[in-house]
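Structural characterization, general
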Amino acid sequence: MNFPRCRTVRKSLPIFLEGGSEGVLFIHGYTGSPHDFEYMAQEVNRAGFTVSVPRLPGHGTCGEDFLLSSAKDWLRRAFDAYYDLSAICERVHVVGLSMGGVIALILASQMNPPKLVTLAAATHVFDKRIVLTPLLKLFSKKMPRENTERYDDPDIEYLRKEYWSYNWPKQAAELYKLMKLARKSVSKITSDTLVVAARNDNMVPMKAAEFIYNNIRSEKRKLLVFEKSGHVLSNDVEKEDVTRAVIEWLKGE
């Protein structure tokens, strides 16, 4: 196989912060990377937890690399990271953002972590074209889309050009597989679960959070909606409040 010539930018490097005997696994989202959890991971570590934020395969390097990855690759990396953290921590909790929230649901249904937090977990999305991606991927793997945002940080600007300036029918079809599996998995979850949603989310509708909250088997669960934040709750205008709520949940406060 001919591998693409890619580079991993500094913002996309995995994060590992040693702390106490309880660990927290953070799982980033579709076309995201560990940088989306940079602030939250540091704060959770300061609160006494050992923290791991792996980089999912195909993310944070280049678009060609992204096209070589699959839903199985993303799931396997999350499970591997969970096992690695479990080897050094007495208990491991799981936090997932967007697609990472979907993966966290699947993982929780099988591994039963003590605490689970989903941030804008994409069990459902606004873009109805997602159901067509298994067909669309046969005609196009990558399509340019308008993206007028610009970032001062060269690493983030690189990620914008490589990932966020295109639609990815082939990879969206892989995401859709995970979405369907997560919806089937929710009823098996018994972990104490905090479901977090953003009122201004333009990607994931509020019904996704309501679906999770209403269908999990967890005796202890909570639905929390932030009024000012957009989709990336861990790195948006209310990130301090979101992080505080996550830490309180992980500590059982």
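This section reports on the structure supplied with the text.

So, how was this worked out
- Residues numbered from 1 in each chain as written.
- Predicted model: local features only at pLDDT ≥ 70, side-chain atom pairs only at ≥ 80, totals over all residues.
- Heavy atoms only, no water.
- Buried < 20%, exposed > 50% of the residue type's maximum accessible area, 1.4 Å probe, protein only.
- Helix = DSSP H or I, 4+ residues; strand = E, 2+ residues; numbered from the N terminus.
- Pairing = 2+ DSSP bridges.
- Axes fitted to C-alpha atoms, helices over the stretch in contact; angles between N-to-C directions.
- Contact = heavy atoms within 4.5 Å.

**Thoughts on the pairing of strand S2 (residues 22–27)**
Most of S2 sits out of view: five of its six residues are buried. Looking at chain direction, S2 and strand S4 (residues 91–97) are connected through six bridges and run parallel. The partner of Phe26 across the bridge, within S4, is Val95. One ladder, built from three bridges, connects S2 with strand S3 (residues 50–53); its direction is parallel. Each residue of the ladder has a partner; that of Val24, found in S3, is Val51.

**Notes on the sheet that holds strand S9 (residues 221–226)**
Across the sheet, seven strands lie side by side as S1-S3-S2-S4-S5-S8-S9; this open sheet has mixed pairing. On the outer flanks of this sheet lie strand S1 (15–17) and S9, each paired with one strand and no other. Neighbour-to-neighbour, the strand axes of this sheet turn through a mean angle of 15 degrees, independent of strand direction. Bridge analysis of S1 against S3 gives three bridges, and the strand direction is antiparallel. Each bridged residue has a counterpart across the sheet, and for Leu17 the counterpart in S3 is Val51. Sheet strands touched by helix H1 (residues 38–46): S1, S2, S3 and strand S5 (115–119). Its angle to S1, the strand with the most contacts, is close to 10 degrees.

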